[in-house]
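Examining the three-dimensional arrangement
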Amino acid sequence: MQALHKKEVFKLGDILHFKNLKKASFRRTLSELMKEAQRMQKEKERVVGEKLLLADFDELEKMIEKRISGVLITENHLESDFFLCGKYIAKTISSTVKDPLPSFYAIDYLSQVEDMNDYLSWQRAGDVCFLICTVFIGRAHRRTMTLKDYSLLGRNFYHTFYGISGKEIGYLMSAKYDTMSLITRKALEV
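Since the model is a prediction, treat every value here as computed from it, not as a measurement.

Its 19 residues give helix α8 (residues 147-165) an end-to-end C-alpha distance of 27 Å, which sits within 8% of 27 Å, the value for a rise of 1.5 Å per residue. Buried within α8 we find Tyr 150, Ser 151, Gly 154, Phe 157, Tyr 158 and Phe 161. Considered in projection along α8, the buried side chains sweep an arc of 135 degrees and stay on one side of the axis. In α8, the exposed residues that point more than 90 degrees away from the buried face are Lys 148 and Gly 163. Lining the buried residues of α8 we find α5 (80-98), α6 (106-110), α7 (120-134), α9 (168-175) and α10 (177-188).

Okay, structure coming up:
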């Protein structure tokens, strides 16, 4: 009984053995992403007159990532999830410019699904919806679809992609879809 009333003092190191734990990758990743974003903000874009000059698709990707990270910093979206999504979005947009989409209908990609392990079709369908919500907004109101419909579909396609593949970017794009859509639109305004 006496032991119950006696206050025992523990050091945090007695309870948790930090030496055996790996470093928190989230903090390290966020720190690295923030440093990279700040470094990119200092780089000048090559402009001739009022036109942006890009030499190749890698430069386009870097420019888009820089603009997205600039908006993230300005609007205080300082989580690694947002920066990782920004990198993915920049890569998706630049690869779309390099190799245009064969179809702007997400259903066309889903019709290519042959088995439940085919996650690429789900990813492409999510990418198409995201591009329509950000870059090709005019396509959002064709037929009976709206921007809200594409947003809902895109989130679900990315979530399914994550569920099948286990790739974290699918989860992040699903969870941050609407916020990243707005941020991407702001970043691409000229």
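On we go.
Moving on, we come to the packing of aromatic side chains. Summed over all chains, the structure comprises six aromatic pairs. Look at Tyr 119 and Phe 161: their rings are 5.8 Å apart centre to centre, the planes differ by 40 degrees, and that puts the pair in the tilted class. Here the residue Tyr 119 occupies a position in the loop between α6 and α7, and Phe 161 occupies one in helix α8, the gap between them amounting to 42 residues. Judged by its relative accessible area of 25%, Tyr 119 falls in the partly exposed class. In this structure Phe 161 comes out as buried when scored by relative accessible area, which is 1%. Both rings, one in Tyr 162 and one in Tyr 171, keep their centres 5.5 Å apart while their planes meet at 55 degrees; by these two values the pair is tilted.

Our next topic: α10. Here α10 spans 16 Å end to end across 12 residues, near enough to the 16 Å set by a 1.5 Å rise per residue. Every buried residue of α10 is listed here: Tyr 177, Met 180, Ser 181, Ile 183, Thr 184 and Ala 187. In this fold, the buried residues of α10 make contact with α4 (57-74), α5, α7, α8 and α9.

Attention shifts here to the pattern of salt bridges. This structure, assessed with the given rule, holds five salt bridges. The partner of Glu 65 in a salt bridge is Lys 87, and the shortest N-O contact between them spans 2.7 Å. Separated by 22 residues along the polypeptide, Glu 65 in helix α4 and Lys 87 in helix α5 bring together distant segments of the chain. The class for Lys 87 is partly exposed, based on a relative accessible area of 25%. For Lys 186, the salt bridge goes to Glu 75, with nearest N and O atoms at 2.6 Å. Taken as a pair, Lys 186 in helix α10 and Glu 75 in the loop between α4 and α5 lie far apart in primary sequence, 111 residues in all. Judged by relative accessible area, Lys 186 falls into the partly exposed class, the value being 42%. Looking at Glu 75, the relative accessible area reads 32%, which means it is partly exposed.

Turning our attention to unusual backbone geometry. A positive phi angle is found at Asn 76, which is not glycine, with a value near 60 degrees. Residue position: Asn 76 is located in the loop between α4 and α5. We classify Asn 76 as exposed; its relative accessible area is 59%.

Let us look at the nonpolar core. The nonpolar side chains of a soluble globular protein tend to be buried, and buried together. Counting residues in each nonpolar core, the largest one holds 36 residues, and the members touching the most others are Ile 68, Ile 89, Met 173 and Met 180. Put simply, the parts of the chain that give this core at least two residues each are α4, α5, α6, α7, α8, α9 and α10. For this core, the element with the most residues is α7, which contributes eight residues. What Ile 89 contacts, discounting residues up to four positions off in sequence, is Ile 68, Phe 130, Met 173, Met 180 and Thr 184.

Conventions used here
Residues numbered from 1 in each chain as written. Predicted model: local features only at pLDDT ≥ 70, side-chain atom pairs only at ≥ 80, totals over all residues. Heavy atoms only, no water. Helix = DSSP H or I, 4+ residues; strand = E, 2+ residues; numbered from the N terminus. Expected span 1.5 Å × (residues − 1). Buried < 20%, exposed > 50% of the residue type's maximum accessible area, 1.4 Å probe, protein only. Arc of directions from axis to C-beta. Contact = heavy atoms within 4.5 Å. Phe/Tyr/Trp six-rings, centres within 6.5 Å; stacked < 30°, edge-to-face > 60°. Salt bridge = Lys/Arg side-chain N within 4 Å of Asp/Glu carboxyl O. Core = buried A, V, L, I, M, F, W, Y, C linked by side-chain atoms within 4.5 Å.

The values are spatial; any link to function lies outside them.
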